[in-house]
Amino acid sequence: MTQKGILRLAVITVSIAAALRIAHFLTSGIPDYALLVTSWLALELVLLAVIDRVTSFKTNAILVFVLFTLSLGLHMVHSYATPIPDLVLAGSRWVTLGAIGSLAFKKNSITAWIIASMFIGCEVGYVFPTIAINLDVLSSIFLRLIKTIIAPLIFSTLVVGIAAHSNLKQVGRMGWKAILYFEVVTTIALFIGLAAINLTRAGEGAEMKPQQAQIERAEKLKAQEKSKDQHHVILDIFPENIAKAVAENYVLQVVVFSVLFGIGLAKVTDDAKKKPMLNFAESLSEIMFKFTDMVMYVAPFAVGGALAFSVATFGFGMLKNLFMLVGTLYMALIAFILLVLVPIGLIIKLPFRKFIRAISEPVSIAFATSTSEAALPSAMENLGKFGVPRKIISFVLPTGYSFNLDGSTLYLSLASVFIAQATGVDLTFGQQVYMVFILMLTSKGVAGVRGASFLILVSTLDTMGLDSQKATAILAVDAIMDMGRTTVNVIGNCLATVVVAKWEGEYSATAGDGTFD
């Protein structure tokens, strides 16, 4: 949008806000929330127009950093030192949001708007909680659209990748290489989680009194799990009905069906019968990537709505009681990225800048929505642009969603020991290693199960003879922890896909177009 466009939008919004104020003054019939929202929006757009008018992109970026730091500092002083008037605090946030919005307009990319929507969503959830509590519908719409993409996208790209090249031996090679990589990296993640929690001892003295809301949510998740067939790690890989696998979003089962279908099509020798199906799969693949491009325009609204809902529901105070647990998890996740993923990237000579540009959009979606599958279509498209062949992307990336959940496995080992510390149980090193082997088995193939991390945590605690009821209190901060572990899940799977492509000798830095939103 041009400067004139932003200015026109600001003038229109101010006019609407003024008209509503006049109407309310004359009739007293305009709801208060309508007056608040339009006034807030008008002020934000005026600030955005002013900042956009007087700054360049580079200056705007520096301004955002300065304003954000200043606003954060004011809120820290208000919380821990001297009270500051609410108007000053609100003003600092609104001016910062105006600068962020201006930066997003200048950058003019979906990723920039997703990041801007994170901040806007937090502010809306904080200032207008009664409205924000209903904005979860935006993220639900986005997730539904994403789920319609996943199965046909995986099916079409895998079938084309296998049948078009008819290299069936490569499928087997990719399979064992991917599984070997997944097992090694997730095992390291489990031990990093153990090291982090043993280092900080965050569970000692932690207040573990679950509120009624957490108790009700835990009971709901347990009841939901009992109502389903018992989870079986091996059996759940294979589909009994492809329509059921698609409807219930069992990604790994869709992968297995697509691989077998592709192998079957590759074995057909009559081109008159093979070519039509192959052409259909190629057309479907291209259409689904165009479909993904359209759906991604909804992403900023979904991200803003998801964070507004989270802030309105849980508030920022949810971090206070279990701050050490959240802090330990995020430090462990950062350590895992720096000590494991970055060295892997160096070993395979990964072009880090290009890789970061490629994954920035799917990672920001994963962080804001706390859902790995929401980032899958975007990750598949961007890795193709990065230079990874689609046949490798469509096989490795979805499989990693079941077998390579680095962030989730790290969290599970960390949270299990945290509960033990909180209950006064000092686990020996041998007991902790035994727990790691339990988690290596139970954490596989459950990416599509709602509340899976909590359910695995409870079952592991029961196996170890610990009080699983204490895990209920963790649900109070599960939303903020889920953002971090989901982000690492997506980063780890994107890197794994590049590793397998390099291992197969099929990565080409010049194959993709290298342009990312």
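Keep in mind the model is a prediction, meaning the values are calculated, not measured.

K.L.:
Honestly, the overall build of the chain in this entry has me stumped. Any pointers?
P.N.:
Across its full length, the chain holds 21 helices and 0 strands. Split into buried and exposed, the 517 residues of the chain put 51% on the buried side. With an accessible surface of roughly 24,200 Å², the chain has 67% of that area assigned to carbon and sulfur atoms.

K.L.:
Looking at this structure, I do not really get a nonpolar patch on the surface. What am I missing?
P.N.:
On the surface, Phe 68, Leu 72, Met 76, Ile 115 and Phe 119 cluster together to form a nonpolar patch covering roughly 440 Å² of accessible area. Those elements giving two or more residues to the nonpolar patch turn out to be helix 3 (57-80) and helix 5 (110-127). Broken down by element, the residue count for the nonpolar patch peaks at 3 residues, all from helix 3. Among the secondary structure elements, Phe 119 is positioned in helix 5. Relative accessible area serves as the criterion here: at 34%, Phe 119 is assigned to the partly exposed category.

K.L.:
What is the right way to read the pattern of salt bridges from this model?
P.N.:
Any two side chains of opposite charge can pair if their charged atoms end up close together. For the structure shown, the criterion picks out 8 salt bridges. With a closest N to O distance of 4.0 Å, Asp 426 and Arg 201 form a salt bridge. In this pair, Asp 426 is assigned in the loop between helix 18 (406-422) and helix 19 (429-442) and Arg 201 in the loop between helix 8 (168-200) and helix 9 (212-226), connecting sequence segments 225 residues apart. Taking relative accessible area as the criterion, Arg 201 reaches 28% and is therefore assigned partly exposed. Each of the salt bridges in this network shares a partner with another, and the network as a whole consists of Arg 173, Lys 177 and Glu 504.

K.L.:
What exactly am I supposed to notice about the side chain of Ser 117 here?
P.N.:
Inspection of the secondary structure assignment puts Ser 117 in helix 5. Within the local environment of Ser 117, its side chain forms a polar contact with the backbone oxygen of Pro 300, the two atoms lying 3.1 Å apart. Not counting residues within four places of it along the chain, the set of residues in contact with Ser 117 comprises Pro 300, Val 303 and Gly 304.

K.L.:
Whenever I open this one, unusual backbone geometry confuses me. Can you help?
P.N.:
Trans peptide bonds make up the majority, and among non-glycine residues the majority have a negative phi. One non-glycine residue, Arg 201, lies in the positive phi region at around 50 degrees. Its identity is not glycine, yet Lys 349 carries a phi of approximately 55 degrees, on the positive side. Mapping Lys 349 onto the fold places it in the loop between helix 14 (323-347) and helix 15 (352-369). You can call Lys 349 exposed: its relative accessible area is 70%.

K.L.:
What is the right way to read the packing of aromatic side chains from this model?
P.N.:
Pairs of aromatic rings are described using the distance from one ring centre to the other and the angle between the two planes. Under the counting rule described, the total for this entry stands at 7 aromatic pairs. Taking 6.3 Å as the distance between ring centres and 70 degrees as the angle between the ring planes, the aromatic pair formed by Tyr 181 and Phe 182 counts as edge-to-face. By the burial criterion, Tyr 181 is buried, and Phe 182 matches it. Plain terms: the ring middles of Phe 257 and Phe 261 are 5.9 Å apart, the flat faces sit at 40 degrees to each other, and that makes the pair tilted. Taken together, the residues span about one helical turn, with Phe 257 and Phe 261 both in helix 11 (residues 251-267) at a distance of 4 residues. Here the aromatic residues Phe 155, Phe 257 and Phe 261 are joined through ring pairs into a cluster of three or more. A cation over an aromatic ring shows up here: Lys 354 above the ring of Phe 386, its NZ or CZ 5.4 Å from the ring centre.

K.L.:
Is there a simple way to explain the nonpolar core in this structure?
P.N.:
The tendency in soluble globular proteins is for nonpolar side chains to be buried as a group. Judged by nonpolar contacts, the single largest core of 122 residues is most densely connected at Phe 142, Phe 336, Leu 410, Ile 474, Met 481 and Leu 495. Once residues lying within four places of it in the same chain are set aside, the contact partners of Leu 495 are Tyr 181, Leu 341, Ile 344, Ile 348, Leu 350 and Phe 355. Core analysis: the second largest hydrophobic core is formed by 8 residues, Ala 99, Ile 100, Leu 103 and Ala 116 among them.

K.L.:
Sorry if this is basic, but what is going on with helix 15 here?
P.N.:
Each α-helix turn comprises 3.6 residues. Residues three or four places apart therefore point the same way. Counted at 1.5 Å a residue, the expected span for helix 15 with its 18 residues is 26 Å, and the 25 Å between its end C-alpha atoms agrees. Those residues of helix 15 lying buried are Lys 354, Phe 355, Ala 358, Ile 359, Glu 361, Pro 362, Val 363, Ser 364, Ile 365, Ala 366, Ala 368 and Thr 369.

K.L.:
Help me out: how do you make sense of the packing of helix 17 (residues 390-403) against helix 21 (residues 478-503) in this one?
P.N.:
If you want to describe how two helices pack, look at the angle between their axes and the distance between the axes. Two numbers describe how helix 17 lies on helix 21: the axes approach to 9 Å, and their chain directions differ by 140 degrees. Considered as vectors, helix 17 and helix 21 are oriented oblique to each other. Handedness of the helix 17/helix 21 crossing: right-handed. Here Ile 392, Ile 393, Val 396, Leu 397, Gly 400 and Tyr 401 of helix 17 come into contact with helix 21, specifically with Val 490, Asn 493, Cys 494, Ala 496, Thr 497, Val 500 and Ala 501. Broken down by class, the residue content of the contact of helix 17 with helix 21 amounts to 10 nonpolar, 3 polar and no charged.

K.L.:
Could you clarify how one ought to interpret the packing of helix 8 against helix 21 in this entry?
P.N.:
Close contact between helix 8 and helix 21 brings their axes to 10 Å; oriented N to C, the two are set at 135 degrees. Regarding the angle of helix 8 to helix 21, the classification is oblique. Relative to helix 21, helix 8 is oriented so that their crossing is right-handed. Residues Met 174, Trp 176, Lys 177, Ala 178, Leu 180, Tyr 181 and Phe 182 of helix 8 touch helix 21, and the partners they reach there are Leu 495, Ala 496, Val 499, Val 500 and Trp 503. Considering only residue class, the contact of helix 8 with helix 21 consists of 11 nonpolar, no polar and 1 charged.

K.L.:
What is the right way to look at the environment of Ala 374 in this model?
P.N.:
Within the fold, Ala 374 resides in the loop between helix 15 and helix 16 (376-386). Taking the relative accessible area as the measure of exposure, Ala 374 reaches 0% and is therefore buried. For Ala 374, the contacting residues outside a window of four places in its chain are Phe 142, Leu 143, Ile 146, Ile 365 and Thr 369.

What counts and how
- Residues numbered from 1 in each chain as written.
- Predicted model: local features only at pLDDT ≥ 70, side-chain atom pairs only at ≥ 80, totals over all residues.
- Heavy atoms only, no water.
- Helix = DSSP H or I, 4+ residues; strand = E, 2+ residues; numbered from the N terminus.
- Buried < 20%, exposed > 50% of the residue type's maximum accessible area, 1.4 Å probe, protein only.
- Areas by Shrake-Rupley, 256 points an atom, 1.4 Å probe, with all protein chains shown as cover.
- Patch = residues over 30% accessible without salt bridge, like charges linked within 9 Å, V, L, I, M, F, W, Y side chains within 5 Å.
- Salt bridge = Lys/Arg side-chain N within 4 Å of Asp/Glu carboxyl O.
- Polar contact = N/O pair within 3.5 Å; in protein donor to acceptor, adjacent residues only side chain to side chain.
- Contact = heavy atoms within 4.5 Å.
- Phe/Tyr/Trp six-rings, centres within 6.5 Å; stacked < 30°, edge-to-face > 60°.
- Lys NZ or Arg CZ within 6 Å of the ring centre and 35° of its normal.
- Core = buried A, V, L, I, M, F, W, Y, C linked by side-chain atoms within 4.5 Å.
- Expected span 1.5 Å × (residues − 1).
- Axes fitted to C-alpha atoms, helices over the stretch in contact; angles between N-to-C directions.
- Parallel < 35°, antiparallel > 145°, perpendicular 65-115°, else oblique.
- Left-handed = near helix turned anticlockwise from the far one by under 90°.
- Nonpolar A, V, L, I, M, F, W, Y, C, P; charged D, E, K, R; others polar.

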